[in-house]
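# Architecture and fold: a report
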Amino acid sequence: MNCDKMELLFADLLYNELKEEEKEFALEHISTCKSCEVKYKNLRETSAALGRWKEEDAEMNLIFIEEKVPFFERLFGKLDLIGISPRQLVFGMITTLLLVVLFTGILRTEAIYRNGSWYISFGSSAKMENQMEESTLIADIKRLQQENLVFTNRLLLASEERIRNENIAVVNDLANQFALLRRQDLTLIGRSINEMSQRSEGRYVRTNQLLDGLYRLSAYQPGGSSGTRSIEGK
Amino acid sequence: MEDNQLILKFIDGDVQAFNVLVNRWQNRIYNFVFKVLGKREDAKDVTQKTFIKVYKNLRKLKDKQKFSAWIHQIAMNLCRDEIRKNKRSPTISIHEKIRTSTGEEMELKDFLSDGSTDIADELFQGEVVEIIRKGLKMIPEEQRIVIIMKEYQGLKFREISDILQEPLNTIKSRMYYGLNALRKALAELEIDKEVFQYEL
Ligand SMILES: [Zn+2]
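Residues numbered from 1 in each chain as written. Chains lettered and ligands numbered in written order. Predicted model: local features only at pLDDT ≥ 70, side-chain atom pairs only at ≥ 80, totals over all residues. Heavy atoms only, no water.

## Focus: the overall build of chain A
The secondary structure content of chain A amounts to seven helices and two strands. Along chain A, helices and strands appear, N-terminal first, in the series α-α-α-α-α-β-β-α-α. For chain A, with 234 residues in total, the buried portion stands at 25%. A separation threshold of at least 6 residues defines the contact pool for chain A, and within that pool the share at least 24 residues apart is 54%. When the accessible surface of chain A is split by element, carbon and sulfur atoms take 58% of a total near 16500 Å². (Helix = DSSP H or I, 4+ residues; strand = E, 2+ residues; numbered from the N terminus. Buried < 20%, exposed > 50% of the residue type's maximum accessible area, 1.4 Å probe, protein only. Contact = heavy atoms within 4.5 Å. Areas by Shrake-Rupley, 256 points an atom, 1.4 Å probe, with all protein chains shown as cover.)

## Here we look at the packing of helix α1 (residues 2-14) of chain A against helix α2 (residues 20-32) of chain A
Residue and element names in this part refer to chain A. In contact at an axis separation of 10 Å, α1 and α2 are set at 120 degrees when each is read in the N-to-C sense. Considering the angle they form, α1 stands oblique to α2. Here α1 and α2 pass one another in a crossing that is left-handed. Listed contacts from α2 to N2, C3, K5, M6, L9, F10 and L13 of α1 are E22, K23, F25, A26, L27, H29 and I30. The class makeup of the residues in the contact of α1 with α2 is nine nonpolar, two polar and three charged. (Axes fitted to C-alpha atoms, helices over the stretch in contact; angles between N-to-C directions. Parallel < 35°, antiparallel > 145°, perpendicular 65-115°, else oblique. Left-handed = near helix turned anticlockwise from the far one by under 90°. Nonpolar A, V, L, I, M, F, W, Y, C, P; charged D, E, K, R; others polar.)

## Overview of the interface of chain B and chain A
Taken together, the contact between chain B and chain A spans 50 residues of the former and 37 residues of the latter. In total, about 4400 Å² of surface goes out of reach between chain B and chain A, with carbon and sulfur atoms giving 58% of it. Area buried by chain B at its contact with chain A is led by Y176, L179 and R183 of chain B, which between them contribute 14% of it. If you look at where chain B meets chain A, you find four salt bridges. In this structure, D12 of chain A engages K172 of chain B in a salt bridge whose closest nitrogen and oxygen atoms are separated by 2.6 Å. Secondary-structure elements contributing two or more residues to the side of chain B that touches chain A are α2 (15-37), α3 (40-57), α7 (125-137), α8 (141-152), α10 (168-188) and α11 (192-197) of chain B. Counting residues per element, the side of chain B that touches chain A draws most heavily on α2 of chain B, at twelve residues. (Buried area = accessible area lost by both parts, 1.4 Å probe. Salt bridge = Lys/Arg side-chain N within 4 Å of Asp/Glu carboxyl O.)

## Here we look at the coordination of the zinc ion
Each donor-metal-donor angle in an ideal tetrahedron of four donors is 109.5 degrees, and each such angle in an ideal octahedron of six donors is either 90 or 180 degrees. Looking at the zinc ion, one finds its protein donor set to be C3 of chain A (SG), H29 of chain A (NE2), C33 of chain A (SG) and C36 of chain A (SG), positioned 2.1 to 2.4 Å from the metal centre. Angles of 103 to 120 degrees at the metal separate the four donor atoms of the zinc ion, which places the site in the tetrahedral class. (Donors = N, O, S within 2.8 Å, 3.2 Å for Na, K, Ca; no water. Tetrahedral: all angles 85-135°; square planar, octahedral: opposite > 155°, others 65-115°.)

## A short note on the packing of aromatic side chains
The description of two aromatic rings rests on the distance between their centres and on the angle between their planes. Taken as a whole, this structure holds 14 aromatic pairs over all chains when the rule is applied. A centroid spacing of 6.0 Å and a plane angle of 10 degrees characterise the contact between Y30 of chain B and F34 of chain B, whose relative ring orientation is stacked. Note that Y30 of chain B and F34 of chain B are positioned in helix α2 at a spacing of four residues, about one turn of the helix. When sorted by exposure, Y30 of chain B lands in the same class as F34 of chain B, which is buried. Between the aromatic rings of Y176 of chain B and Y177 of chain B, the centroid separation amounts to 5.1 Å while the plane-to-plane angle is 75 degrees, which identifies the pairing as edge-to-face. An aromatic cluster is defined as three or more aromatic residues linked by ring pairs; in this entry it consists of F10 and Y40 of chain A together with Y176 and Y177 of chain B. Just above the ring of W53 of chain A sits the side chain of K35 of chain B; from NZ or CZ to the centre is 5.1 Å. (Phe/Tyr/Trp six-rings, centres within 6.5 Å; stacked < 30°, edge-to-face > 60°. Lys NZ or Arg CZ within 6 Å of the ring centre and 35° of its normal.)

## A closer look at a nonpolar patch on the surface
Residues and elements named next belong to chain A. Side chains of L99, L102, I106 and Y204 sit close together on the surface and give an oily, nonpolar patch of about 350 Å² of accessible area. Sorting elements by how many residues they give to the nonpolar patch places helix α5 (residues 86-107) first, with three residues. With respect to the helices, strands and loops of the structure, Y204 is situated in helix α7 (residues 162-217). (Patch = residues over 30% accessible without salt bridge, like charges linked within 9 Å, V, L, I, M, F, W, Y side chains within 5 Å.)

## A short note on α1 of chain A
Here α1 of chain A contains 13 residues, and its C-alpha end-to-end distance of 17 Å stays within 8% of the 18 Å for a straight helix at 1.5 Å per residue. Along α1 of chain A, the helix axis deviates most sharply at L8 of chain A, where the bend reaches about 50 degrees. Within α1 of chain A, burial applies to M6, L9, F10, A11, D12, L13 and L14 of chain A. Contact partners of the buried residues in α1 of chain A: α2 and α3 (34-50) of chain A together with α9 (157-164) and α10 of chain B. (Expected span 1.5 Å × (residues − 1). Bend = angle between axes of the 7 residues up to and from the residue.)

Without other data, these values stay purely geometric and don't point to any function.
Quick look at the structure:
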């Protein structure tokens with residue numbers, strides 16, 4: 001009868017999870033029952049044998065990092081580090097674009113003397129095509145950049161678990177490169193604008209010289225008060 | 001600092017507190033998973049997954065005092081997924097090849113019954129691990145898991161019962177029958193005396 005009761009007590013006894021009175025009962029029974037004594041000894045031996053499998057070092061060092069900041073905030077955070085605020089960036093890009101359009105417009109303005117009259121034209125059709133090509137190219141680049149950002153963002157969101165940290169590092173790197181490229185772009189655009197404005201100035205000087213020569217040839221006497229020049233032929 | 005304090009700090013937004021918790025538990029969970037799965041690479045993988053799950057769900061843990069049982073439960077479930085995925089055979093044969101400390105491959109049975117030298121002296125830690133690992137694999141999975149949780153992880157029977165969602169007495173009897181089955185398995189491997197008499 002007591003031996004049946006022991007079946008449930010062995011596990012507790014072995015790992016010392018028995019209440020004091022149960023423990024007394026169990027030990028008392030084992031000391032008087034040969035069969036249970038052997039059973040208990042076998043259990044202890046098996047448990048001791050298991051104990052020879054020691055813990056080993058996992059050789060891993062998991063680190064979790066804060067990742068609540070949305071992708072674009074983090075990207076702009078990086079830009080902020082090099083002194084460009086998101087607003088500045090967007091404003092800078094829009095201004096540059098407007099300036100480019102404006103200056104190309106001016107560059108394409110031509111004054112032509114044909115059939116005894118002066119014509120002012122804004123760019124030739126060939127040049128317009130060129131401009132179209134340029135703007136689609138810029139649009140393409142912008143679209144690709146946008147796609148890159150979206151893709152990176154999606155990758156970051158989709159990447160779970162172990163590659164997440166790696167991806168964050170890659171994204172940070174990308175953000176840095178992006179900022180660097182942006183700055184290089186802006187510098188290049190600025191330089192181009194300078195060059196363009198210098199060229200257009202040269203053009204204007206030349207046009208004025210031509211006009212002056214023309215006036216002299218046609219013996220035109222400028223009016224005293226207005227000082228404006230007619231561009232009508234003789 | 002206690003685990004539950006670290007958990008509260010983490011819930012407050014302190015990721016560093018979570019890293020302390022990870023650092024404190026990763027070896028323990030890794031060793032648990034390693035013993036259940038028997039492969040180090042798988043164990044690392046599952047350990048990592050365990051902590052990612054913990055990271056995502058720690059806020060939902062109602063009783064912070066039950067963290068130990070809870071993290072074991074997560075690891076346990078991931079182990080089961082892994083076992084199901086790999087469809088590993090739950091038992092092994094004594095004809096299975098093992099690698100001895102000298103690097104040569106031989107059948108487990110031959111290695112164990114080589115009577116020319118005193119086997120107890122030859123049992124280096126790596127081989128002891130190999131034998132116990134194989135012994136554990138020879139008994140039913142449900143018993144093996146209870147044994148690992150109790151013997152190596154030091155969980156209370158009450159906690160194991162919570163984790164496995166089984167009655168307390170079921171757990172205790174699995175422990176009892178599991179140990180007996182393991183003893184038989186080790187005897188079948190003909191090494192009971194050598195392993196058992198060591199450091200007893
Ligand atoms: Zn008895």
